[in-house]
Each structure stands twice: as C-alpha cells, then as structure tokens.
Amino acid sequence: MSLTKTERAIIVSMWGKISTQADTIGTETLERLFLSYPQTKTYFPHFDLHAGSAQLRAHGSKVVAALGDAVKNIDNITGALAKLSELHAYILRVDPVNFKLLSHCLLVTVAARFPADFTAEAHAAWDKFMSVVSSVLTEKYR
Amino acid sequence: MVHFTAEEKAIITSLWGKVNVEEDGGEALGRLLVVYPWTQRFFDTFGNLSSASAIMGNPKVKAHGKKVLSSLGEAIKNMDDLKGTFSHLSELHCDRLHVDPENFRLLGNVLVIVLAKHFGKEFTPQIQAACQKMVAGVATALAHKYH
C-alpha cells in the first residue's frame, strides 16, 4: 500500500496548518488515547499522565515531530523513520494493535481542529498515511 | 457485558440530542465507503460509488446512513441492554446480510471522527471516551448472535 500523488499533496498541504499547533495536537492526541483506551497507559508507568503534565506535553511533541519528519520525507517514509522503526522493534516493543488506536486519536484531534479541511478525501489520505507510518514502525518486529 | 456509568449515559444522551441523524448518518456511511473502499462490497445496488464526491452525494448512501444512525439512536435509549436491543439486527447482519463484524468497528470509529468534526472543541477527550465505549458496545451487540 503506498500513497498516491494526490494523497501526498493533501497530507503535505494540511501539515502546514497542523504544524502550527503541533505541540497541543500531540498532547491532545495522547490524552484521547489514554482516556479512550486506558490499556495504552501500560506503556508509560514511568510517566505522570495527568492532563497538563510536562512529560505528556514533551512526549506529544516528540510524536508529532516524528510525523512531521515522515511528511517532509513523504516519498521515503521508510528511510525517514528507520531509526524509530528499530527503536519500536527492539526497545519499545509496543504491541502493533496500538498503532491503530493512536492513529485514530490523531485523526479525531485533527478532525475536531480542522473540520473544514477534513473532507472525506482528506480523511482517507490521513488514514492511509498513518497506516503506512504504522507499517514502517512495525516492519522489523519479527 | 458493557456497563455505562451515569456520567457516561448523560454525556451520550446529551451529545445525541445535538446530532443531525440524517446528515451525520450519511456522512459516516459515506466516509466508511471512501476511506475503506472494500466496504463497498455490501452495496452493489447503490449505484455510483466511483469517486469520493459520487459516494458522499449518493442519495442511497445518505438514506442508508440515516437508517443506521436512527437505529443507534434507539440503542441510546437502552444502553443497559444493547445485546437485547440489537438481537434481531444481529441475526439479520449474520444470516441475510453476511457482514463481517469488523465492519461495525470500522463504522463506529468513522462515526466518532464525524462527531469530532461536527462538534470540534466540544468533543473533548472525556466525551470521546464515552462515545468509544458506546460504539464498541454496539459493535459487540451486533456481533452477538453470529454463528
């Protein structure tokens, strides 16, 4: 599964707007993840996960920054996320099912903040993009 | 069996009061067919599904979306017995429609996204969590009579 030219154009163009709210979007995505899917908190026993926590904000920023890298290198997401792919495979070992949950929460956050831009076509492009990112991050799992 | 707290029931009931069943139903079903094109396999008789705009504007999609969301509205009045409420529909989806229950989960999540788009900031993480529980409960109830 790979992104068409049109899908890439949609993602790159929307990222312009998204990146202006990158940090709050990252934090909100994680808040949604932990509230809707409490089992995902098991990966963060070492974190203070209360709303507004500095750790939550820092981690949210990290996640969105990585997505930004993928967008900037949308023609070679595998290359852009190679190190993160190894990190997830050998160190973090987050169960693959959780990538769908995080992707969903990101889409909810983006839909809520950019309703006019989040057309059905944009929705499809983002869902596919997150699916590609998730595949790259789980590529080396076994 | 899924159990809703009083707070969750209040959140869902209040949100539902502001949902436009006709518009949001058509939007949700349309997006399911656009974002996950393989789901079109169930709708051969629906006519033109050849592009995102064709799908979103298709009157049969809108009508069916409204039907689906109305049914969800009925369930919201019976949150303590989703399995009972959806018993007949579960049999129908298994025996006559032959729908893989995974599709209920997909549609549930698309609906959550449509609600987020509709309500914006108002669709807080807390509200989303209650909705996720609701759509998960409905999906499970619809799959309950499968054999």
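Residues numbered from 1 in each chain as written. Chains lettered and ligands numbered in written order. Predicted model: local features only at pLDDT ≥ 70, side-chain atom pairs only at ≥ 80, totals over all residues. Heavy atoms only, no water.

**What about the overall build of chain A?**
Move 1: Helix and strand counts for chain A stand at seven helices and zero strands.
Move 2: The N-to-C order of helical and strand elements in chain A reads α-α-α-α-α-α-α.
Move 3: A compact globule built from 142 residues should have a C-alpha radius of gyration of about 14 Å, and chain A, at 14 Å, falls within 12% of that.
Move 4: Based on the C-alpha atoms only, the size of chain A along its principal axes is roughly 40 × 35 × 20 Å.
Move 5: Across the 142 residues of chain A, 46% fall into the buried class.
Move 6: For chain A, contacts bridging at least 24 residues in sequence account for 78% of all contacts bridging at least 6.
Move 7: Of the roughly 7,200 Å² of accessible surface on chain A, 58% is carried by carbon and sulfur atoms.
Move 8: Here chain A contributes 15 positively and 13 negatively charged side chains, and the mean placements of these two sets differ by 3 Å. (Helix = DSSP H or I, 4+ residues; strand = E, 2+ residues; numbered from the N terminus. Rg over C-alpha atoms; globule rule 2.2 N^0.38 Å. Buried < 20%, exposed > 50% of the residue type's maximum accessible area, 1.4 Å probe, protein only. Contact = heavy atoms within 4.5 Å. Areas by Shrake-Rupley, 256 points an atom, 1.4 Å probe, with all protein chains shown as cover. Lys, Arg positive; Asp, Glu negative; His and termini not counted. Charge placed at Lys NZ, Arg CZ, Asp CG, Glu CD.)

**Focus: the packing of helix α1 (residues 5-19) of chain A against helix α7 (residues 120-138) of chain A**
Two numbers describe a pair of packed helices, the interaxial angle and the distance between the axes.
Residue and element names in this part refer to chain A.
Move 1: Here α1 crosses α7 at 95 degrees, and the two axes come no closer than 9 Å. Here α7 runs roughly perpendicular to α1, going by the angle between their axes. Facing Glu7, Ile10, Ile11, Met14, Trp15 and Ile18 of α1, the residues of α7 in contact are Glu121, Ala122, Ala125, Trp126, Lys128 and Phe129. (Axes fitted to C-alpha atoms, helices over the stretch in contact; angles between N-to-C directions. Parallel < 35°, antiparallel > 145°, perpendicular 65-115°, else oblique.)

**A short note on the layout of surface pockets**
Move 1: Approximately 1,200 Å³ is the volume found for the largest pocket.
Move 2: For the largest pocket, the lining is made up of 48 residues, of which Lys100 and Asp127 of chain A together with Val35, Tyr36 and Leu106 of chain B are closest to its centre.
Move 3: Sorting the residues of the lining of the largest pocket by element identifies α1, α6 (97-113) and α7 of chain A together with α2 (21-35), α3 (52-57), α7 (102-119) and α8 (125-143) of chain B as the ones contributing at least two each.
Move 4: Counting residues per element, the lining of the largest pocket draws most heavily on α7 of chain A, which supplies eleven residues.
Move 5: Tallied by class, residues from the lining of the largest pocket come to 26 nonpolar, 15 polar and seven charged. (1 Å grid on protein atoms, 1.4 Å probe; cavity = no way out; pocket = protein on both sides within 12 Å on 5 of 7 lines; lining within 4 Å. Points joined across faces, edges and corners; volume = space filled by probe spheres on them. Nonpolar A, V, L, I, M, F, W, Y, C, P; charged D, E, K, R; others polar.)

**Some remarks on the interface of chain B and chain A**
Move 1: Each side of the interface is counted separately: chain B has 21 residues, and chain A has 19 residues.
Move 2: Taken over both partners, the interface formed by chain B and chain A buries close to 1,700 Å², and the fraction arising from carbon and sulfur atoms is 64%.
Move 3: Our count for the chain B to chain A interface comes out at zero salt bridges.
Move 4: Our enumeration of links across chain B and chain A arrives at eleven residue pairs in polar contact (both at pLDDT 80 or more).
Move 5: Every element with two or more residues in the side of chain B that touches chain A is listed here: α2, α3, α7 and α8 of chain B.
Move 6: Broken down by element, the side of chain B that touches chain A gets its largest block of residues, six residues, from α7 of chain B.
Move 7: Of the residues belonging to the side of chain B that touches chain A, the class tally is twelve nonpolar, six polar and three charged. (Buried area = accessible area lost by both parts, 1.4 Å probe. Salt bridge = Lys/Arg side-chain N within 4 Å of Asp/Glu carboxyl O. Polar contact = N/O pair within 3.5 Å; in protein donor to acceptor, adjacent residues only side chain to side chain.)

**A closer look at the UniProt feature "binding site: heme b" in chain B**
All names here are of chain B.
Move 1: As recorded in UniProt, the feature "binding site: heme b" lies at His64 and His93. With the annotated positions falling across 30 residues, the maximum pairwise C-alpha distance of 14.4 Å places them together in a single cluster.
Move 2: Mapped onto the elements, His64 comes out in helix α4 (residues 59-76).
Move 3: Among all residues touching His64, those that are not within four sequence positions of it are Leu29, Phe43 and Phe46.
Move 4: Tracing the backbone shows His93 in helix α6 (residues 87-96).
Move 5: The buried category is assigned to His93, whose relative accessible area is 15%.
Move 6: Beyond its immediate stretch of four places on either side in the chain, His93 contacts His98, Val99, Phe104, Leu142 and Tyr146. (UniProt positions renumbered as here; feature names shortened; annotations may be inferred.)

**Examining the UniProt feature "domain: Globin" in chain B**
Move 1: Summarizing the sequence annotation, UniProt attributes the feature "domain: Globin" to residues 3-147 of chain B in the numbering used throughout.
Move 2: With 70% helix and 0% strand, the stretch residues 3-147 of chain B has end C-alpha atoms that lie 24 Å from each other.

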